Amino acid sequence: MSFFGARSFRHGVHPEEHKDQTAHLETERMAFVPRYELLLGQHGGKPSVPVVHPGQKVVRGQLLARADGFVSTSLHSPVSGTVRSLDRCRHPNGSLVPAIEIEADPFSAQTWPEPKPTDPSTLDNDQFVEFVQSMGIVGMGGAAFPAHVKYKLSPDKPAQKLIINGCECEPYLTCDHRVMVEFAERVVRGIRILADNLRIPEVHVGIEKNKPDAVAAMREAARGDERIRIVDLVVKYPQGAEKMLIKALLGEEVPAGRLPLEVGALVNNVGTMVAIADAFDLGRPLVERVVTIAGPNVGRPSNLIVPIGTPVRDVLDTCGGLNAETREVVMGGPMMGQPMISLDAPVLKGTSGLLAFPQTQLDRAAEYTCLKCGRCVEACPAFLNPSKLVRLAKVRRYEEMEQAYVMDCMECGSCSYACPSNIPIVQLIRVSKSSLRGKKRG
Amino acid sequence: MENVLVAATIMAGLGFSLAGLLALAHRFLHVEEDPRLDEAEARLPGSNCGACGEPGCRAFAEKLIAGEAAPSGCTVSSPDAIEGLAAFLGVDPGQAEKNVARLHCGGGLAQAHQIAEYVGQSNCRAAHVVGGGGKGCSWGCLGLADCEVSCDFGAIHMNSNGLPVVDVALCTACGDCVDACPRDLFTIEPLAHALVVQCAAPLEGDAARAVCSAACDACGKCALDAAPGLIEMRDGLPHIDYSAGGPASPEATLRCPTGSIRWVPAGQFEEERDRLAKDSMTLSSPPAGGFHV
């Protein structure tokens, strides 16, 4: 859909952006800390299986845990040091999950071994997929789904279009923005590797208009490559969602319950492209990522390159700590992120941001009865009827919600944001979905 | 006017002829039903809870008449009602083992360590979705009473320690609380199986004690003290197998350092209630019916 020249999808909301805090800040590399926790299940799919034992010396980038099956990926050490234990550690959501604890060697220079480039043109599709899996690369947009799964070509549904997600539609977050501004060459290099190997003729890079410097940098880096199209999009949430982005860029709709491949599209985040470029050109597995640390209560908002596994507490300390009024730290963006139960939890492969908020911004406004105004219906990018779903959720009629397609809800939160009566719509829907899944299991 | 009369006549004719068809169908396609079925169903409680294993009271009544179930299979009926039903049908009431819902967590507000404050919808499922309330233990009871709400018989009440107390007299073992608990902490057990493990955390040693003072730290003393084969330590928790082992006794619980395995002849958390009563603390919702059985 075209709207004054810029493209977008239908419905959605436009929350306050709050990106000024960090959008202009160059990425900095975070100093090494004494201890790292690598969660075995930090990607989508099956948790990895450890291949190291306590007391073992490891070097930066060494394999710690291998993939268990196809929908799983490997895990590598972010530092040189010693494996201290294979025990449990807190996940950002509070649960105690299996993890590998690494003690960094304080005397190590933490340099990378000599680059070991791999020529992607020598690999066939199976080898390419296997290589990406062995490098532990996941989708860097937030869901952390193993990237290689999408690269497996199927003969009946070939990927025709590669879609690169540079929308970053969540408020506060600027990590993808900085990646595109500072590492545009690496992003384009990753795109070329992928497009060459998977023989994809068309590449569309979607970037929201509020990042003109990123658009310019990407256009400059992609100059001369006929395949790559950089498209600026209307600023709207949730444009970074796969299906919304496909709609915005190609004008095509992915059927409910189906994958983007249905319309021949393959969607990847810009950060994933950098990880692919580093894996092939330098032989470096995914052991660090850019994280935006922002919010009103952070001492020194930053865009940091953080080794995966760094405890969140240490990351926040690096950024000047939290001020005393902080009541909540959110991992991810404010719309879909997860409130953290413990700051002992580490940064994960899918951690795009750490945001700190005071009580004044968390106070829930009083909830009123539904006005039937329809703003949630207008906001829902999946074209569901949140008002009806809430009415059913409140009386626990979950089976009827299933008939109203509640399972197609991606929990973007646009409905809750749009509701003038402050009804926690998406929260009620999440509870209902969890209940329905529980019933299925039993 | 004529049109109206024609329409009325046609409708009346249709009505009568269809009624005639129904009357014939009733006469010739009539299904002979046991006359006792309605009476038997009337004698059942009519709660359609499903605890007997049948989809509802009528289905259970059919099984009764067919002799495939005994009246005592209904766990909701009072002993008198079961006697009456058995006498009516002229069958033996049968012996049913009394089953109750058991909670496998003893980590109330006083035992489980809090590491965060949960603000949000006040139900367990919602807390579970955003990471599990504020307790440091990610296996334990969330304490927001989804089970209490789900119980059709009013057999579950939250005590002041934030744990659900099952009134064994009222519990019909229907299993609604088992489905309601997002952490799967309830199981239906025979009341006679008095050894109850009140912990679900697979943690061991200090790691377990770090999250809850009532957590099983997997020391294994209960397994050593019990009859051989009765208790097996698996995944950091004792597993009790009544079919394999010898007789169960309170011996197994005596050396438990955290009190996570209990000898519970009746309702759970009774000592808790006594202690709270002694401290003259008021219960936020006093358990109805008491703990007599």
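Residues numbered from 1 in each chain as written. Chains lettered and ligands numbered in written order. Predicted model: local features only at pLDDT ≥ 70, side-chain atom pairs only at ≥ 80, totals over all residues. Heavy atoms only, no water.

1. Let's talk about the environment of P381 of chain A
Residues and elements named next belong to chain A. For P381, the position within the fold is in the loop between helix 11 (375-379) and helix 12 (386-394). According to the relative accessible area criterion, P381 is buried, its value standing at 7%. If we skip the residues at most four places from it in the chain, P381 touches F9, R10, H11, P238, M244, M410, C412 and S414. (Helix = DSSP H or I, 4+ residues; strand = E, 2+ residues; numbered from the N terminus. Buried < 20%, exposed > 50% of the residue type's maximum accessible area, 1.4 Å probe, protein only. Contact = heavy atoms within 4.5 Å.)

2. Concerning the side chain of S387 of chain A
Position of S387 of chain A among the secondary structure elements: in helix 12. Apart from residues lying up to four places away in sequence, S387 of chain A is in contact with C370, K372 and C376 of chain A.

3. What about helix 8 (residues 270-282) of chain A?
Residues and elements named next belong to chain A. Helix length check: helix 8, at 13 residues, gives a terminal C-alpha distance of 18 Å against a target of 18 Å (1.5 Å per residue), a fit within 8%. With 11 of its 13 residues buried, helix 8 lies for the most part within the structure. Listed as buried for helix 8 are V270, G271, T272, M273, V274, A275, I276, A277, A279, F280 and D281. The opening residue of helix 8, the one whose side-chain oxygen lies 2.7 Å from the backbone nitrogen of G271, is N269. Backbone geometry just downstream of helix 8 places G283 in the positive-phi region, at approximately 70 degrees. (Expected span 1.5 Å × (residues − 1). Polar contact = N/O pair within 3.5 Å; in protein donor to acceptor, adjacent residues only side chain to side chain.)

4. Observations concerning the confidence of the model for chain B
Caution applies to low-pLDDT regions: their predicted coordinates should not be interpreted in detail. Residues and elements named next belong to chain B. A residue-level look at chain B finds 92% of positions with pLDDT of 70 or above and a mean pLDDT of 86. This model gives residues 279-293 a pLDDT under 50, and the stretch forms 26 contacts once residues within four places in sequence are excluded. On the interface metric, ipTM, the complex scores 0.84, and its pTM is 0.85. (pLDDT = per-residue confidence, 0-100.)

5. Describing the interface of chain A and chain B
Counting residues at the interface gives 19 residues for chain A, matched by 21 residues for chain B. Summing both partners gives a buried area of about 1700 Å² for chain A against chain B, and 53% of it is carried by carbon and sulfur. Sorting the residues of chain A by area buried against chain B places L96, I341 and V431 of chain A first, and these three jointly supply 29% of that buried surface. Where chain A meets chain B, there are 1 salt bridge. A salt bridge links E117 of chain B to R327 of chain A; the shortest N-O distance between them is 2.6 Å. The tally of links between chain A and chain B comes to 6 residue pairs in polar contact (both at pLDDT 80 or more). When residues of the side of chain A that touches chain B are traced back to their parent elements, those giving at least two are strand 9 (81-90) and helix 15 (425-441) of chain A. With 7 residues, helix 15 of chain A is the single largest residue contributor to the side of chain A that touches chain B. Partitioning the side of chain A that touches chain B into residue classes produces 4 nonpolar, 8 polar and 7 charged. (Buried area = accessible area lost by both parts, 1.4 Å probe. Salt bridge = Lys/Arg side-chain N within 4 Å of Asp/Glu carboxyl O. Nonpolar A, V, L, I, M, F, W, Y, C, P; charged D, E, K, R; others polar.)

6. A short note on the environment of V347 of chain A
Residue and element names in this part refer to chain A. As for its position among the elements, V347 is in the loop between strand 18 (338-339) and strand 19 (353-358). Judged by its relative accessible area of 0%, V347 is buried. Put simply, V347 and Q359 are 12 residues apart on the chain and 24 Å apart in space, counted from C-alpha to C-alpha. Sequence-distant contacts of V347, defined by excluding residues within four places in its chain, comprise V291, V306, I308, G309, T310, V312, V315 and M331.

7. Thoughts on the domain arrangement of chain B
How large an interface is tends to be reported as the accessible area lost when its parts come together. Residue and element names in this part refer to chain B. On domain assignment, one finds that chain B holds domain 1 (36-89) and domain 2 (99-289). In this structure, domain 1 and domain 2 have C-alpha centres spaced 32 Å apart. Listed per partner, the contact involves 5 residues of domain 1 and 4 residues of domain 2. For the pair domain 1 and domain 2, the summed buried area comes to about 370 Å², and 67% of that belongs to carbon and sulfur atoms. By the criterion of area lost to domain 2, the three top residues of domain 1 are C49, A51 and T75, representing 70% of everything that side buries. Where domain 1 meets domain 2, there are 0 salt bridges. (Domains from an automatic or database assignment.)

8. Side note on the sheet that holds strand 18 of chain A
All names here are of chain A. With respect to topology, 6 strands assemble into an open sheet ordered 3-16-15-19-17-18, the strand pairing being mixed. Because the sheet does not close on itself, it has two edges, and the strands there are strand 3 (28-29) and strand 18. One ladder, built from 5 bridges, connects strand 17 (residues 326-331) with strand 19; its direction is antiparallel. Bridging from a neighbouring strand, M331 pairs with L354 of strand 19. Across the face of the sheet, helix 4 (residues 175-182) comes into contact with strand 15 (288-294) and strand 16 (302-307) while running at roughly 125 degrees to strand 15. (Pairing = 2+ DSSP bridges. Axes fitted to C-alpha atoms, helices over the stretch in contact; angles between N-to-C directions.)

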